[in-house]
Amino acid sequence: MGLRFTVLGSGSTGNATIVQGNEKTVIVDAGMSAKKLDELMRERGVTGHQLDALFVTHEHSDHIKGLGAFARKYELPIYANEATWAAMERHVGNIAPEKRVFMETGEEVTFGSMAIQSYPISHDAAEPVGYCFVENGEKLSLATDLGYVSEKVKRHIIDSDVLVLEANHDTEMLRMGRYPWNTKRRILSDVGHLSNVAAGEALLELMTDRTKRVYLAHLSLDHNMMDLAMLTVNSILEDNGIFYKKEEHPLRATYHDKPTPWDEVKRK
């Protein structure tokens, strides 16, 4: 079957992604209630009992809201770096010592034939990370909650077969929006979130002949729309001479309230 995944939900209302290899299945983040996670998984024909581990990107509530209850319910080991563990400790409740796994930033772990590597990202959290998944030469990268795409991030996620990349906000919608200025300043900063334009500009360097699909993720409900994000990113690609036939277009949507279809990474 090969590597496949479904983004259960993406955005400030909660984030979670299931990645399934030939032998093992893991979930990245648990930003909704355990009940909601179960509902979303049922839509994709999977249950918590099929999961082998839970990986955490960072401690913000939209990534760990249901983590404690969900992990206890399914007796899942939780992988996170030491700083993230310390930051989320009081939010996740009692976790058995044997279920606490400290994974250093930049470390690679193996689950069956699937290799999982974390990499550092720029965000206003204790020690936030993204993850890359590789199995049988197929590569999936998750890159959200980025203030900017650093050279280190680029080195990790370039040449992905499939990339899930943040396109959080339209800058003008954010500037004109209802948020207080200190919140806007945080979002726009190097430890905030990636704009549509920044996502498009990053893709000019990240997309290679190997890249099959790019999912735009973590869109703001208040300051973005998927159609606008798609249009902005595609316009940047076209302005730089990158054109696609409609049936071959690589951009895909994620949703805050429903899971994406299962996607096999090797699929053209």
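A short tour of the structure in this document, coming up. (Residues numbered from 1 in each chain as written. Predicted model: local features only at pLDDT ≥ 70, side-chain atom pairs only at ≥ 80, totals over all residues. Heavy atoms only, no water.)

Here's the deal with the sheet that holds strand S12 (residues 213-217)
What the 7 strands build is an open sheet, ordered S7-S8-S9-S10-S11-S12-S13; its pairing is mixed. Looking along the sheet, the strands with just one partner apiece sit at the ends: strand S7 (108-111) and strand S13 (251-253). Shown here is a sheet whose adjacent strand axes are inclined to one another by a mean of 20°, direction ignored. Where strand S8 (residues 114-120) meets strand S9 (residues 129-135), 6 bridges bridge the pair, whose relative direction is antiparallel. Residue Tyr119 lies in a different strand from S9, and its bridge partner there is Gly130. Sheet strands touched by helix H8 (residues 196-206): strand S11 (162-166), S12 and S13. Its angle to S11, the strand with the most contacts, is close to 155°. Against the sheet, helix H9 (residues 226-239) engages S12 and S13, with an angle of about 165° to S13. (Pairing = 2+ DSSP bridges. Helix = DSSP H or I, 4+ residues; strand = E, 2+ residues; numbered from the N terminus. Axes fitted to C-alpha atoms, helices over the stretch in contact; angles between N-to-C directions. Contact = heavy atoms within 4.5 Å.)

A word on H8
Taken residue by residue, H8 has Asn196, Ala199, Gly200, Ala202, Leu203 and Leu206 as its buried positions. Relative to the axis of H8, the buried residues are bounded by an arc of 165° and lie together on one face. In the core, the buried residues of H8 are packed alongside helix H5 (151-157), S11, S12, H9 and S13. (Buried < 20%, exposed > 50% of the residue type's maximum accessible area, 1.4 Å probe, protein only. Arc of directions from axis to C-beta.)

Considerations on the sheet that holds strand S14 (residues 263-264)
Reading across the sheet, the 7 strands line up as S6-S5-S4-S3-S2-S1-S14 and stay open at both edges, with mixed pairing between neighbours. Looking at strand neighbours, the two that pair on one side only are strand S6 (100-102) and S14, the edges of this open sheet. Along the sheet face, helix H1 (residues 34-43) touches strand S1 (4-9), strand S2 (16-20) and strand S3 (25-28) and points at about 135° away from the line of S1. Against the sheet, helix H3 (residues 67-74) makes contact with S3, strand S4 (53-55) and strand S5 (78-80), and its axis sits at roughly 165° relative to S4, the strand it touches most.

Concerning the packing of aromatic side chains
The geometry of an aromatic ring pair is captured by two quantities: the separation of the ring centres and the angle between the planes. Counted under the stated rule, the structure contains 8 aromatic pairs. An angle of 20° between the planes, with centres 4.6 Å apart, marks the rings of Phe55 and Tyr79 as stacked. In this pair, Phe55 sits in strand S4 while Tyr79 sits in strand S5, placing the two residues 24 residues apart along the sequence. On the basis of relative accessibility, which here comes to 0%, the residue Phe55 falls in the buried class. Ring plane angle 50° and centroid distance 6.0 Å describe the contact between Trp85 and Phe102, whose orientation is recorded as tilted. Here Trp85, found in helix H4 (residues 82-88), pairs with Phe102, found in strand S6; they are 17 residues apart in sequence, far enough to count as distant. Looking at Trp85, the relative accessible area reads 1%, which means it is buried. Feature note: the residues Phe55, Tyr79, Phe111, Tyr131 and Phe133 constitute an aromatic cluster, connected by ring pairs. Over the ring of Trp262 we find Arg4; its NZ or CZ atom is 3.8 Å from the centre of that ring. (Phe/Tyr/Trp six-rings, centres within 6.5 Å; stacked < 30°, edge-to-face > 60°. Lys NZ or Arg CZ within 6 Å of the ring centre and 35° of its normal.)

Some words on the side chain of Asp145
Position of Asp145 relative to the elements: it lies in the loop between strand S10 (138-143) and H5. Here His63 takes part through its side chain, which lies 3.2 Å from a polar atom of the side chain of Asp145. Residues within four places of Asp145 in sequence aside, it is in contact with His58, His63, Ile121, Ser122, His123, Glu166, Gly192, His193 and His218. (Polar contact = N/O pair within 3.5 Å; in protein donor to acceptor, adjacent residues only side chain to side chain.)

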